[in-house]
Every structure is written in C-alpha cells, then in structure tokens.
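# Close look at the chain arrangement
Here's the letter readout for the chains.
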Amino acid sequence: MRIALALVLTLAACAAARAQKFDDLARTPPMGWNSWNRFGCDVSERLIRETADALVASGMKDAGYQYVVIDDCWHGERDEEGNIHPDAARFPSGMKALADYVHSKGLKLGIYSDAGAKTCGGRPGSRGREYQDARAYASWGIDYLKYDWCNNEGLKAEGAYTTMRDALHAAGRPIVFSLCEWGSNKPWEWAKDVGHLWRTTGDITACFDCEKSYGTWSPLSVMRILDLQKDLRAHTGPGHWNDPDMLEVGNGMTTNEDRAHFSMWAMLAAPLMAGNDLRSMSRETRDILTNREVVAVNQDALGVEGFKYLAEGALEVWLKPLQGGDWAACFLNRGETPRAVTFEWKRNAVTDGLSHASFSPDKLTYRIRDLWAKRDAGTTAAPFAAEIPSHDVVMLRLSK
Ligand code: GLA
C-alpha cells in the first residue's frame, strides 16, 4: 500500500516537473523567424543555415530573436516503421545535423506538422503518429513545433492538440508548442495549458489594409487581423500567447506600413516571428525588426496585451501597461492621408480593468520616449503634438 502510494507520488512529482519544464519556455512572447510567409514550400537546409547565419550577422539574435522555424514541406516519406524523415534532396544532411548547426549559433530550431493525416502542403501529418513524431523531433534536437489543422476530418481540436502536447511531454525535450488552428475552435478558451501560443485568425498577407480572395480562402491584411484581436486580451499572458500570425515586415509593404505592423504586434504582446528573407533585407527592414525599445515593449515581463483606448476616424490610440508602472502608447494612422494629432495627457487618465494598472498623467508627470525617433520627447505635462504619416505610427514609452 505504502509502496503504491510512494509510486503515485513519484509519478505525480515527475509529471509536475515535466510540466514545469514546458511552462517556463515562453514567459515572454516567442521571437524568431519562420519560412512560410516568404518561402512557402521552398525550404532547404541551405536556406535554414543561411538564415541562422543572417539572424546572427544582422543583430537580430542580439535583439532577442531565437527560433528558426521550418514551416511546411520539409518532409520526405515515412519508412516501413512509420518514422518520418526529411526530404533527402532538400535536407541531405538530416535534421539532427541541421539542429546542431543552428544550436552552434546559439539559436533554436523549430519544425512544423499537422494534426491531420496530411499537412496543408500535402506532406505527411502526425495523425495517429503523434508520439512517434514527437520522439523523432526530440531525438533531432528540435525546440519548437508549429502544429497545423489542415485535413483534420472532424477531429476535436482540444483533443488533437492535447494529444500532441502529451506526446511532446512524453518525449521529454522542452519544445515550444505553437497551435495553428486559425482560431476556429476558440483556442484562447482551452489552450492555456496545452500550448504556448495559438493562432487567433486565418493567414496573414503582406497587405496593410485590403481584402483579398483566392476562391476558397481569403488571406487577411494586417489591419483586418488587428481588428480580429478584439476581446482576446484577457486570454494572453506569460507562457500562453494569442498569436495574430507571423510578421510580413520586409515582404513588400511600405516602410511606414512595416513600422506600423511591427509596432502593433509589439503592442499586442504577439509572438514576433519574422517572415522575410533575412539574407537580403534592406537596412530599413532590419532597423524595424531590431528596434530594441519596441521589442522591449513586446517582451515586457508583465505580459499584458495592449488595448485600443480610443478611435477617432482613422486615428487609433493604443495603450499597453508595462512593468514598473511604465506604459506604451501607440498612435496609429490607418488613413490614406497624414494626420495631425494633439493629445492632452492630463485629460486621459486610465485604469486598465484587466491588469488594474493605472496611467495617471493627471497626477504624475511621465517622461516620454519616442521609440522610432529614438529620442526623448518631453513629458506628459504638456500636450503631445505630432503629424503621423498615412499607414504609420508614433510609438511612445511613458515612464514615471
Ligand atoms: C496554414 C498555416 C500557415 C502555414 C501553411 C503551410 O495555412 O496557417 O501559417 O503554416 O498552412 O502550408
């Protein structure tokens, strides 16, 4: 009896230790790069190695980007025992060697699979092979798994994702688990203990504000995705993040639009997964992705998602409470023409009902830092005045 009890307690302690190991993986929103937005199915070990090199050389690693994630289409076939292998033509050295290379750069390697029998790109999915695949990923040294939802044939999302979560835990290697079921089953309501991040919408496209349709599916513009985050902020926090999809910075929008996109993802405490070609990015793109003061807003330890404080036509003012009583404020001009703004801080005291943090410019004077101009910009004692270009932002940090 006593032995049985001891066994139960030991197993429970092991399970708790295992869960703890996974819990600590994403205390702030994950940062890295993913192949899909720019390269689609055109992935190879050469691309991944060169991207890892570029992450280091560009200063992105130093700015906090860590995960290099291979999205769909890395797969070859399963062997007679059902073990999955990478496409031998595209990954001739194998995944273990690639992981070793990425790790040698001080970075981490991510991979992609699907809860159905096939991925969205028609490659082998993990359905019925979850434990086997998780063991393979762990043996290769994988650190991050994005798990998609194509061809799910009526599976229940919570069950399917929990099975893979359990498989990853059983395989034992700490792996960030990224749920990609496009918000279809409201993962924010059930996935807090299943994964570290969950997509909240369908796929993003490199368009600031437009409607696109390709027959059966319609990718979403940056502004459309921003609007779809409404009412989700209560569900995000350290270890479990709303994911409004990967970045399109450097993929064809204007510099102003890229800056606005990046700023809003920072305000949302969104995972920051760059999606451009890091080997050939422009200086402007690099400067956006590596703006450390903007990244610091995203990575703030409080882990509270920002909120839309007010909207006047095409102008929106977003606020995000930060650690130590600081706040981030982002003035977003969604309109087609420049917009002059005057903002009376003293008349805009705010208490966030969710975090209970208070912004009190009526009682206190905050120092203002302009995060894109990279300069101090007075205090909240005087009204703030700026002209914001079309599809751009002014982003500020307010410190007591
Ligand atoms: C889905 C996902 C994308 C990407 C592709 C790959 O559309 O939402 O992010 O992973 O599949 O096929």
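This structure is a prediction, so every number in the text was calculated from the model and none was measured.

Conventions adopted
- Residues numbered from 1 in each chain as written.
- Predicted model: local features only at pLDDT ≥ 70, side-chain atom pairs only at ≥ 80, totals over all residues.
- Heavy atoms only, no water.
- Disulfide = S-S within 2.5 Å.
- Helix = DSSP H or I, 4+ residues; strand = E, 2+ residues; numbered from the N terminus.
- Buried < 20%, exposed > 50% of the residue type's maximum accessible area, 1.4 Å probe, protein only.
- Near = heavy atom within 4 Å.
- Polar contact = N/O pair within 3.5 Å; in protein donor to acceptor, adjacent residues only side chain to side chain.
- Areas by Shrake-Rupley, 256 points an atom, 1.4 Å probe, with all protein chains shown as cover.
- Salt bridge = Lys/Arg side-chain N within 4 Å of Asp/Glu carboxyl O.
- Pairing = 2+ DSSP bridges.

## Focus on the state of the cysteines
Here a disulfide denotes a covalent bond joining the sulfur atom of one cysteine to the sulfur atom of another. Counted by the stated rule, this structure contains 3 disulfides. What pairs with Cys41 in a disulfide is Cys73, and their sulfur atoms sit 1.8 Å apart. Taken together, the residues Cys41 in the loop between helix H2 (36–39) and helix H3 (45–57) and Cys73 in the loop between strand S2 (67–69) and strand S3 (75–78) connect sequence positions 32 residues apart. On the basis of relative accessibility, which here comes to 1%, the residue Cys73 falls in the buried class. Each disulfide pairs two cysteine sulfurs, and for Cys120 the partner residue is Cys150, the sulfurs being separated by 2.0 Å. Around the S-S axis, the bridge from Cys120 to Cys150 shows a dihedral of about 95 degrees and counts as right-handed. Here the residue Cys120 occupies a position in the loop between strand S5 (108–114) and helix H6 (130–140), and Cys150 occupies one in the loop between strand S6 (144–148) and helix H7 (157–171), the gap between them amounting to 30 residues.

## Quick look at the site of the ligand
The environment of the ligand is made up of 13 residues, and the closest members are Asp71, Asp72, Lys146, Asp148 and Asp203. Here an oxygen atom of the ligand sits 2.7 Å away from a polar atom, N or O, in the side chain of Asp71. A distance of 2.5 Å separates an oxygen atom of the ligand from a polar side-chain atom of Asp203. In isolation the ligand has 310 Å² of accessible area, and contact with the protein removes 93% of it.

## Thoughts on the pattern of salt bridges
Applying the stated criterion to the full structure yields 25 salt bridges. Arg173 is the salt-bridge partner of Asp143, the closest N and O atoms lying 2.6 Å from each other. Highlighted residues: Asp143 in the loop between H6 and S6 and Arg173 in the loop between H7 and strand S7 (176–179), separated in sequence by 30 residues. For Asp143, a relative accessible area of 6% translates into the label buried. For Arg173, a relative accessible area of 26% translates into the label partly exposed. The partner of Asp376 in a salt bridge is Arg369, with the nearest N and O atoms 3.2 Å apart.

## Some thoughts on the pairing of strand S13 (residues 327–333)
Here S13 lies mainly inside the structure; 7 of its 7 residues are buried. Alternating residues of S13 divide into Trp327, Ala329, Phe331 and Asn333 and Ala328, Cys330 and Leu332, and every residue in both groups is buried. Relative to S13, strand S12 (residues 315–321) is paired through 7 bridges, and the arrangement is antiparallel. Bridge assignment links Lys320 to a residue of S13, and that residue is Ala328. Hairpin connection of S12 to S13: 5 residues between the antiparallel strands, including Gly324 at a positive phi of 75 degrees. Strand direction decides the pairing type here: S13 and strand S20 (residues 392–399), joined by 7 bridges, are antiparallel. Residue pairing in the sheet places Ala328 in a bridge with Arg397 of S20.

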